[in-house]
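# Chain and residue survey
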Number of protein chains: 2
Amino acid sequence: MAARPNAGTKGVPRAERERQILDVASVAFGTHGFAGTNVADVARAAGISKPLVYAYFGSKEGLYAACLDRAGELLGDEIERVARGDVVGLERGVRTLEGMFAVLEDQRHVWRLLHDRSAPTSPEVASVVAAHTERIHALAHEGVSELLALAGVQDALDVSAMTATWLGIVDSLMDWWVAHPEQSAADMVERVTRLVAALFTDAAAGTPR
Amino acid sequence: MAARPNAGTKGVPRAERERQILDVASVAFGTHGFAGTNVADVARAAGISKPLVYAYFGSKEGLYAACLDRAGELLGDEIERVARGDVVGLERGVRTLEGMFAVLEDQRHVWRLLHDRSAPTSPEVASVVAAHTERIHALAHEGVSELLALAGVQDALDVSAMTATWLGIVDSLMDWWVAHPEQSAADMVERVTRLVAALFTDAAAGTPR
DNA sequence: GTGGTAACTTACCCGCAAGTCATATACCTG
DNA sequence: CAGGTATATGACTTGCGGGTAAGTTACCAC
């Protein structure tokens, strides 16, 4: 029946379809946020119909949680891998960024999933968010603590604020990367290395007060 | 008539009402984003009814644009004030933050309005967003250029990426401040000054590669 | 073949929030 | 007081988008 283009084709196996949908949905959620994304658009972009999305993920929140879960694990694992190495201080920061760039080269928007302000507050989703953000935050806190300890800063609130700032730096670099698709991961690593070197060796010239 | 609590009271003059509504709406938009905010809630929180909001601002987008306009002008003016001073380099960054903290002490969420990913893309709103973000971005770019020039970095993309990072730093500090309401503006300035001093004098110990 | 199941669709329901209409009270002015 | 205007509201319409029901096609096992 011509009216139903793809109806009844045996089609793609479940696992693969789920991956496809998650890919598309991650872009959408990462770009427009949870509240700004609609499921019908995701389905259309994935080349399937809306009910199929629901068949696989149950609800919009379920879909979001699944995206988040995949993203959180990917990022968390990579950050942890670097953390378990033996680098410390600024070097650890740069190496972590290097890992992020490598892992996210083909899915740059994914980082944003973790920082969605319009995410639903339902306990089901919140717990998934919390699990991953807490893990990443803990690793960031660890790295920042080390760095600041080297510089003689111990105050807990100082470390807390600096951790937030570090995450913000990652965030903004990812955003910039999204806006500059022609830049490769390697380009980004070079750029960051260059900037860090410039700022932390020469720029002390302008140290305030 | 008891059924209409406030109906028909001559009520508050227009200008003052508009200010009240903008105050409430800015909190809502800044907290939940554009897509996550609903007008009825804003009206209720402002102690008035929904049609009045529409009478004053025409639409949800109009309300959002008005919030943005006020915020953008407030922030832009303050940033520009610091920029027109004679400080450069890191000092200028710290002074700019000082200005932000002072101006936003009682409305910390406002900064987020400028960075709302769920903001509508209609030309009407987009132009207002663009006007303010471009102004602020240009000022940030100017400051970052100066700073990097002192450190010997000239590359346009490096400056661009660093500008984005700087804005991300401001962003994350504002977020942290929102999460720590007991911290005064003065506390924040001290904290930032302390961290900058620590990072840019001692931390070169950990300079990478 | 026939029955079972997995992959998929069209067509619908329905609630919520954006936006509107008709109306009411208060104040001012002549 | 009559009439105009500014401030306000309760009750409504409407559309968008989350979610569902029921059916269709293909493959597989026997």
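Residues numbered from 1 in each chain as written. Chains lettered and ligands numbered in written order. Predicted model: local features only at pLDDT ≥ 70, side-chain atom pairs only at ≥ 80, totals over all residues. Heavy atoms only, no water.

### Here's the deal with the overall build of chain A
- The helix and strand inventory of chain A stands at 8 helices and 0 strands.
- Across its three principal directions, the C-alpha atoms of chain A cover 75 × 40 × 30 Å.
- Residue burial in chain A is summarised as follows: out of 209 residues, 50% are buried.
- Put simply, of all contacts in chain A between residues at least 6 apart along the chain, 72% involve residues at least 24 apart.
- Here chain A displays about 9600 Å² of accessible surface, and carbon together with sulfur accounts for 55% of that area. (Helix = DSSP H or I, 4+ residues; strand = E, 2+ residues; numbered from the N terminus. Buried < 20%, exposed > 50% of the residue type's maximum accessible area, 1.4 Å probe, protein only. Contact = heavy atoms within 4.5 Å. Areas by Shrake-Rupley, 256 points an atom, 1.4 Å probe, with all protein chains shown as cover.)

### A few points about the interface of chain A and chain B
- Contacts between the two partners involve 51 residues from chain A, matched on the other side by 50 residues from chain B.
- Taken together, both faces of the contact between chain A and chain B bury some 4400 Å²; the carbon and sulfur share is 64%.
- Summed over the shared surface of chain A and chain B, the number is 7 salt bridges.
- Here arginine 191 of chain B and aspartate 155 of chain A are joined by a salt bridge, their closest N and O atoms 3.4 Å apart. (Buried area = accessible area lost by both parts, 1.4 Å probe. Salt bridge = Lys/Arg side-chain N within 4 Å of Asp/Glu carboxyl O.)

### With respect to the packing of helix α5 (residues 89-104) of chain A against helix α7 (residues 156-179) of chain A
All names here are of chain A.
- Axis separation between α5 and α7 bottoms out at 12 Å; the angle between their running directions is 35°. For the crossing formed where α5 meets α7, the hand is right-handed. When α5 is examined against α7, the residues Gly93, Thr96, Leu97, Met100, Phe101 and Leu104 are found in contact with a partner set consisting of Trp166, Val170, Leu173, Met174 and Trp177.
- Residues that form the contact of α5 with α7 fall into these classes: 9 nonpolar, 2 polar and no charged. (Axes fitted to C-alpha atoms, helices over the stretch in contact; angles between N-to-C directions. Left-handed = near helix turned anticlockwise from the far one by under 90°. Nonpolar A, V, L, I, M, F, W, Y, C, P; charged D, E, K, R; others polar.)

### Some points on the nonpolar core
- Core analysis: the largest hydrophobic core is formed by 130 residues, its most contacted members being Leu63 and Phe101 of chain A together with Leu63 and Phe101 of chain B.
- Residues within four places of leucine 63 of chain B in sequence aside, it is in contact with Ile21, Leu22, Ala25, Phe29, Val42, Val53 and Phe57 of chain B. (Core = buried A, V, L, I, M, F, W, Y, C linked by side-chain atoms within 4.5 Å.)

### What about the confidence of the model for chain A?
- Overall, the predicted model of chain A reaches an average pLDDT of 91, with 91% of residues at or above 70.
- The model gives residues 205-209 of chain A a pLDDT under 50, and that stretch makes 14 contacts with residues more than four places away or in other chains. (pLDDT = per-residue confidence, 0-100.)

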